[in-house]
Structures are given as structure tokens and as C-alpha cells.
Amino acid sequence: MRTLTREAALPETLALAPTPAAERHARGRLPSLTGMRWAAAFLVFAFHTYKFGYYGPEDEELVSWAARSGSAGVMFFFVLSGFVLAWSARPGDRYLSFMRRRLARVYPLHLVTAAVALALAFTALPWLREGERDGLKAVTANLLLVSSWKFEWWQTGNPVSWSLVCEVFFYACFPLLHWALRRPGPRGLTGVAALCVLTVMVQPYVYKALHVDVFLYSFPLARLPEFVLGVAVGRIVQLGRWRGPGLEGAMALTLIGYFAAPLVRSGLTWTPLIGLTCLIAAGAVADVNGQPSMWRRPSLVKLGEWSFAFYMVHLLVMHTLTLWVGEKPRFDTIGAFGTAGSAFVVSLALSALLYRLVEEPGRRLFLGKKRLPGRPA
């Protein structure tokens, strides 16, 4: 497949807008965003400890207040993906080369954790496959990362892999999106970003009015606006025209949206979105300008590097723990936090091993490289 370089060409090319600022920024590393990835992964973990019913009546209300919006961490990942891909797009890149690099980041770990999940489902944890229809078809769809397009299959294999199905769909759309969004200026991009937020807000009502029966939480097309929002904001920051709040203001917006989500009808779909997007942009600006950022701490960056493996393995660890603690055990304070802490420690240790022994070597093998160069966040 040939490389396209003309402005009028179809979007097989991923060339950035030819401005000196964009080219200079695109080469910059964004360690703050890597640190933020860890916080998002931890929020998802905290949300699942709540859903697994570890906490008794004396703690459940407090934990519910703190953790029940934790699935917004996945929203963060979707926006971040769009932002980082817009930031790091290579001029003249070929579509197949781009897709190969993106799959190399997610597929090795997906295959390993899917194999572990299936082994558990057919041995120690048979309830992982309860209610699953079309077993072989569902497993095949999951391995090919298309399972979330059908509601009955959305948690086949490793339950968290539904989000990878969305990510792979986003990757497939990105060249066209980047081709379209490198043309508008900052005002046009701001309009696109506002339209994405509005779409996220209204789409539950639109789907309901059209009698479209899909599970919006895992349906890739329904989550696409979050990714497009990240691409648009990434382009704005790239052009040096971001006028949003700094890190402190963005963090305040994020916390307000996070804790307001349970109070708003369909709020978890959109209330954290604006703050999370501003936080990503503010972190990138802080890194580019050399401003202070707590997210740039080496320990957070290291944890951020492990965050994908942590996300992929933590639910398997929690399911396995049910062999000892049962389902929804409702422990007292010590037992509840002790169980959650055990799940966290085991998941973290496994994530470090998976990052070192599966994720990085698998990516090198997928790309046919012996050693990987330095990379952006």
C-alpha cells in the first residue's frame, strides 16, 4: 500500500498540520499523561472492589461515594487515546503500519489474559461463563477484538477486554479522523470538541427515541465521541492554542464532575468528561512548557507504564479471590480493606511481571524489533 502525501489524498496518511509548533510539540514526551494513566486504572480497580461487595454496611456508603464513579477511568483512557494518537501521529505514515503498531501495544497482553480467563472459566471459576451464548463464536469474536459489538458477548473472555474492542475500532477510525481534523483551526476544533461533549450527553436519549437496543456503556460507536474529543483537543494543544485551565483548575473540574456523576441522570456518561479532558490537556501543556506537575513523578510514571497490565489482570485476580472469600462477602472494615488490599497487591505484582515478560517483549516480537526506541506517553 503506497504512502499518500498530497493534501487532497484520502486519509491513509497521518501527516500533521505543517506548522513549526505542531512539529516541535509532536516530538515531545508527555510523562504526566503516563502518571495519570495509573490514577485512571486505580479508579477502575476501586470501582470493582465496590461492585464485588467487599464492604459491609458500615463502610459501603463511604466507599460508594468514593468509588462508584470509578468507571470514568475508562472514559479517561478513551479520551487519552485520541489525544496521544493526534500528538504522536507520524507524517506520511501508512495505514497498515499504523494499525500494526497499535495492535502490537494491546494484542499480546490481550491474548495472554484471554487465555488465562478461559482457563479459569473452564476449571476453577465456571461462573465466568454462565449465561454466555454461542460459546465458540463469542470466544472467537473476543480473540479478534470484535465481541463488544454484540451485547451478549461484551464480557466474553477477560471481562475488561470490551474496552479493547472499542480501542481497536478507534484505531481503525483514526487516520480518517486525523485527516479531517488537521484542517480546522483552533475555533473549528473547539466546535468539534463541544459537539463531542454534547453528543455524549444526548445520545442515551437519541438511542432510546430511535428504539436502538444497544448497551451504550460497551458499544464502540457510542464511545467514539470520547475518542474524537481527545483527537480534537490534542490538535488544539499541538497548535499551541489551548486556553483551558491549568493543572489545579483541571483537577478541580475533574473532582467536581466525578462526585457529581451519581447525582445526575445518565451523569456517569458525561459529567466527568470535561474535567478529564482539561486535565489531559493541562498535563501535556505542563510537560511541554516545563511547568511543575505532580503526575511527572518517577514513581507515578513507572506505575503508569504498568497501568495497562494492571487494568487487564485486576478483574481476573478479583474473580479468583472469590474462591476464598465468596461472592459479595460484605466484610467488616478490616476484612473488607484487607481483601481489597490483597487484590491490589497481587494485581500490581502481576502487572509488573506482565509488563516486563509479556507486554514489552510481545510488542517487540509483533513489530520484529530487538529493541524499542524511546516513545511518547
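Whatever comes next refers back to the structure up there.
Residues numbered from 1 in each chain as written. Predicted model: local features only at pLDDT ≥ 70, side-chain atom pairs only at ≥ 80, totals over all residues. Heavy atoms only, no water.

On to the side chain of Gln203. Structurally, Gln203 can be placed in helix H8 (residues 186-209). Setting aside anything within four residues of it in sequence, one finds Gln203 in contact with Leu216 and Ala222. (Helix = DSSP H or I, 4+ residues; strand = E, 2+ residues; numbered from the N terminus. Contact = heavy atoms within 4.5 Å.)

Another aspect to go through is the nonpolar core. Membership of the largest hydrophobic core comes to 95 residues, with the highest contact counts inside it found for Tyr54 and Phe83. Dropping the residues within four chain positions of it, Phe83 is found in contact with Leu30, Leu33, Gly230, Val231, Val233, Gly234, Val237, Ile280, Ala281 and Ala284. (Core = buried A, V, L, I, M, F, W, Y, C linked by side-chain atoms within 4.5 Å. Buried < 20%, exposed > 50% of the residue type's maximum accessible area, 1.4 Å probe, protein only.)

For Arg187, the location among the structural elements is in helix H8. Accessibility expressed as a relative area gives 79% for Arg187, which makes it exposed. Note: C-alpha distance between Arg187 and Arg241 (54 residues apart in sequence) is 9.5 Å.

Inspection of helix H6 (residues 135-143) places Ala138, Val139, Ala141 and Asn142 among the buried residues, and these make up the whole buried set. Buried residues in H6, looked at end-on, bunch into an arc of 160 degrees, giving them a common side. Across H6 from its buried face, at more than 90 degrees, point the exposed residues Leu136 and Lys137. Elements in contact with the buried residues of H6: helix H5 (95-121). (Arc of directions from axis to C-beta.)

Taken as a whole, this structure holds six salt bridges when the rule is applied. Glu60 serves as the salt-bridge partner of Arg330, at 2.8 Å between the closest nitrogen and oxygen. Taken as a pair, Arg330 in the loop between helix H13 (298-325) and helix H14 (333-367) and Glu60 in helix H3 (residues 57-67) lie far apart in primary sequence, 270 residues in all. With a relative accessible area of 37%, Arg330 lands in the partly exposed category. We classify Glu60 as partly exposed; its relative accessible area is 26%. A salt bridge links Glu360 to Arg363; its shortest N-O distance comes to 3.2 Å. Of this pair, Glu360 and Arg363 both sit in helix H14, three residues apart, which is roughly one turn of the helix. Here the two residues Glu360 and Arg363 agree in accessibility, since each one is buried. (Salt bridge = Lys/Arg side-chain N within 4 Å of Asp/Glu carboxyl O.)

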